[in-house]
Structures are given as structure tokens and as C-alpha cells.
Amino acid sequence: MYDVTIVGGGPAGLQAALTLGRMHKSVLLLDSGSYRNGRVSHMHNFITNDGMPPEKFREQARAELAAYETVEVRDEAVATIAREGERFIVTTADGDLESRLVILATGVRDQLPAAPGLSEIWGELAYGCPFCHGHELTGRAIGVLAGPPAVLHLAALLAPIGDSVTVFTEGAEVSVDDAALLDGLGVSIRPEPVLGATRAGDEVRVELDGADDVTVAGLFVGTGKLVQSAPFAEQLGLDLQESGCIAVDDLGRTSLPGVYAAGDLAHRSAFPMPMASVLAAAAAGQLAGVACVQQLLAH
Ligand SMILES: Cc1cc2nc3c(=O)[nH]c(=O)nc-3n(C[C@H](O)[C@H](O)[C@H](O)COP(=O)(O)OP(=O)(O)OC[C@H]3O[C@@H](n4cnc5c(N)ncnc54)[C@H](O)[C@@H]3O)c2cc1C
């Protein structure tokens, strides 16, 4: 019987494991090896780690965890999680495990627009978050592929960074007010359907139906509603927020006692939206780890 089973080996799960290991709790971390930033060469906006390759971050985290005797890390996918009385049964291809508490840190999946070629450049030349990848495009041409309301938000964030911003709305109706705001920001609007977004050297060629191609240095994409990467919220009947993320309190507690959620898959009700970043995920993992230690103490 483990004290805590952590499902997910991204920043949220890794930090939760560190926090619990330092308090000598028996911890099993299970990682299926599919990370939201798995295609990204460099991550940003994390003090002391700005520009670090995410792969290196995970390697270093695992090396640090190896120093803690009560922490076990396995590269293994979880199939199901079920509650049985006061414990949880976690099932993998290797069989069943028992745990007093569970931390879900399985992240979310991005839903990309259908533009051909986009998935191939995702994380390399196309991104979702200006905070993470905007600055690297300073003084260059930036594209935004999104409809309202994300299009205005992304364009307004990126206008002070790029030399120019072009939004590709694919015919989605932009209100007169939004069009005036975009115009005021110096943003060009291209309404034509996008036939492709492909690599052209270190830039992106956006192919438009019935118009000349437009080349931008980077393309930001509105990714819509977030989708859980794993089925555990559904299996355990956890409450979700409208964002599609698991509803948690400030300590990562879900609607089911004994189950915690940390990282991109969770949404604190105090926040207007889920806070998706490596540092925020790690911080949430730490809080969930502390909350588990408190619950184990109460036991
Ligand atoms: C293109 C892109 C670029 C980004 N760039 C940045 C950046 O520069 N800076 C920044 O701060 N943030 C960036 N982010 C956001 C960042 O990647 C996430 O906020 C962060 O990875 C969230 O961490 P997490 O631990 O919640 O989830 P993830 O890192 O997605 O980890 C999820 C974990 O759950 C595991 N898992 C899923 N299902 C199962 C299962 N059934 N069994 C076992 N394990 C399972 C996965 O294998 C993985 O280990 C970027 C995101 C994208 C999409």
C-alpha cells in the first residue's frame, strides 16, 4: 500500500513526488511519457530555467527524485483508478496497486484547428501561449490563427512584441468593435480559409484560399476548450469546471476526498481560467503534496 500514487510525470507530478519524498511518504509516480510540451525545444517564463529544454528539465527532476528512498518512478500508463472504501486501486498493464491517496497530474490535450501541416510545426513554430513563446519573436512578423474571442486577446498581447501581427480568422465573424480595436493595434485581418500552415526555413508559410501566401516567423493558435488527457476524472466522477478542467480548491483537493489534482488538468475556482505553465504546474504539485501530507497526518 503506497501512501500516495501520483499519475503523471510532468512538472506537477514530479514536484509533488519531491515534496512527498522529502516527508518520507511512500510514493509511486507513474508516467506514460506523453507531455503537453513534448514537442517544444525550449521552455520559457520560469526563473532560473528560462530557455531550458523541457526534456532536460524532466531528466534533472528524475535525477533529483532518485535521491529519495521512498519515491519510486515507473514508466507505465495507468488504465483505471477506482475507490474501494478508504483506499484506491490503481490498475496498470502489470496489475493492481493500492494507495491511500491519489494525485492526478495527467495534464490536458490541445485541440488544434484543422489547418494541414499545423500539427507538424506545433511547439516548434506554432504555439498557444504568448507568455511562453512571444518574446523570441520580437521585431518579427507574427501570425494568429483563431476566431473570436481568442483572436483579439492573442493579437493584443502580441502587438507590442512583433513588428507586425496578422490574424487569420478563416471567415469567422469579427464584430465591428473588435475590428476597430484590431485596426487600432495595427493588426491586419485575413478572413480567407487557411489551406495550410507549413515550415518554410525557420518561418511559417500560411497558405490562403484565393490569395497569396503570408509568411510569419511564428504562429499563435487559439486551441479552444481543454480536453483531459486521461479518463480518471470521469472514472472517479470528479466535478469539472466549465473550462473542462477538474475543479480543485487552493490545495488541489477535488470533489472526491483522497483525490487531488495538480497542473494543467486542474482549475482553481479563484482563478478566471486554468493557469497553464511549467512553474504554475510545479507549484500546484507542491501544494497537493503538502495537502496529502496533512491528510496522512490526520489519519
Ligand atoms: C506548445 C506548447 C509550448 C509550451 N511552452 C511552455 C513554456 O515555454 N513555458 C511554460 O511554462 N509552459 C509552457 N507550456 C505549458 C506547459 O507545457 C504545461 O503547463 C505543463 O507541461 C503542465 O504540466 P503538467 O504536469 O500539468 O502536465 P504535462 O507536462 O502535460 O504532463 C502530463 C503527464 O501525465 C502523464 N499521463 C497522462 N496520462 C497518463 C496515464 N494514463 N498514465 C500515466 N501517466 C499519464 C503524461 O505521460 C505526462 O507525464 C507549453 C505548452 C505547449 C502546448
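Here is what the cut-offs are and how they apply
- Residues numbered from 1 in each chain as written.
- Predicted model: local features only at pLDDT ≥ 70, side-chain atom pairs only at ≥ 80, totals over all residues.
- Heavy atoms only, no water.
- Helix = DSSP H or I, 4+ residues; strand = E, 2+ residues; numbered from the N terminus.
- Expected span 1.5 Å × (residues − 1).
- Buried < 20%, exposed > 50% of the residue type's maximum accessible area, 1.4 Å probe, protein only.
- Contact = heavy atoms within 4.5 Å.
- Domains from an automatic or database assignment.
- Buried area = accessible area lost by both parts, 1.4 Å probe.
- Salt bridge = Lys/Arg side-chain N within 4 Å of Asp/Glu carboxyl O.
- Polar contact = N/O pair within 3.5 Å; in protein donor to acceptor, adjacent residues only side chain to side chain.
- Nonpolar A, V, L, I, M, F, W, Y, C, P; charged D, E, K, R; others polar.

## Brief notes about helix H8 (residues 278-298)
Move 1: Between its first and last C-alpha atoms H8 spans 30 Å; for 21 residues at 1.5 Å apiece the expected length is 30 Å, and the two agree.
Move 2: Residues of H8 that are buried include every one of Val278, Ala281, Ala282, Gly285, Ala288, Gly289, Ala291, Cys292, Val293 and Leu296, and no others.
Move 3: Where H8 is buried, its residues meet strand E1 (2-7), helix H1 (11-22), helix H2 (54-65), strand E6 (95-104) and strand E18 (259-261).

## Here's the deal with the domain arrangement of the protein chain
Interfaces are often described in size by the accessible area the parts lose on coming together.
Move 1: Once the domains are mapped, the protein chain shows domain 1 (2-109 + 225-298) and domain 2 (118-221).
Move 2: Computed from C-alpha atoms alone, the centre-to-centre distance between domain 1 and domain 2 is 33 Å.
Move 3: Counting residues at the interface gives 6 residues for domain 1 and 10 residues for domain 2.
Move 4: Where domain 1 abuts domain 2, roughly 650 Å² becomes buried across the two surfaces, and 47% of that area is made up of carbon and sulfur atoms.
Move 5: Linking domain 1 to domain 2 there are 1 salt bridge.
Move 6: Here Arg39 ties to Glu124 by a salt bridge, and the two come within 3.7 Å at their closest N and O atoms.
Move 7: On the surface where domain 1 and domain 2 come into contact, there are 3 residue pairs in polar contact (both at pLDDT 80 or more).
Move 8: A class-by-class count of the residues in the side of domain 1 that touches domain 2 yields 1 nonpolar, 4 polar and 1 charged.

## Structural notes on unusual backbone geometry
Move 1: The peptide bond linking Pro148 to Pro149 adopts the cis configuration, its omega dihedral lying at 0 degrees.
Move 2: Of note, Pro149 is situated in the loop between strand E9 (141-145) and helix H5 (150-158).
Move 3: Positive phi is not limited to glycine here, since Thr48 has a value of about 75 degrees.
Move 4: Summarising the element assignment, Thr48 is placed in the loop between strand E2 (27-30) and H2.
Move 5: For Thr48, a relative accessible area of 74% gives the class exposed.
Move 6: Unusually for a residue other than glycine, Glu170 sits at a positive phi of about 50 degrees.
Move 7: With respect to the helices and strands, Glu170 occurs in the loop between strand E10 (164-168) and helix H6 (176-184).

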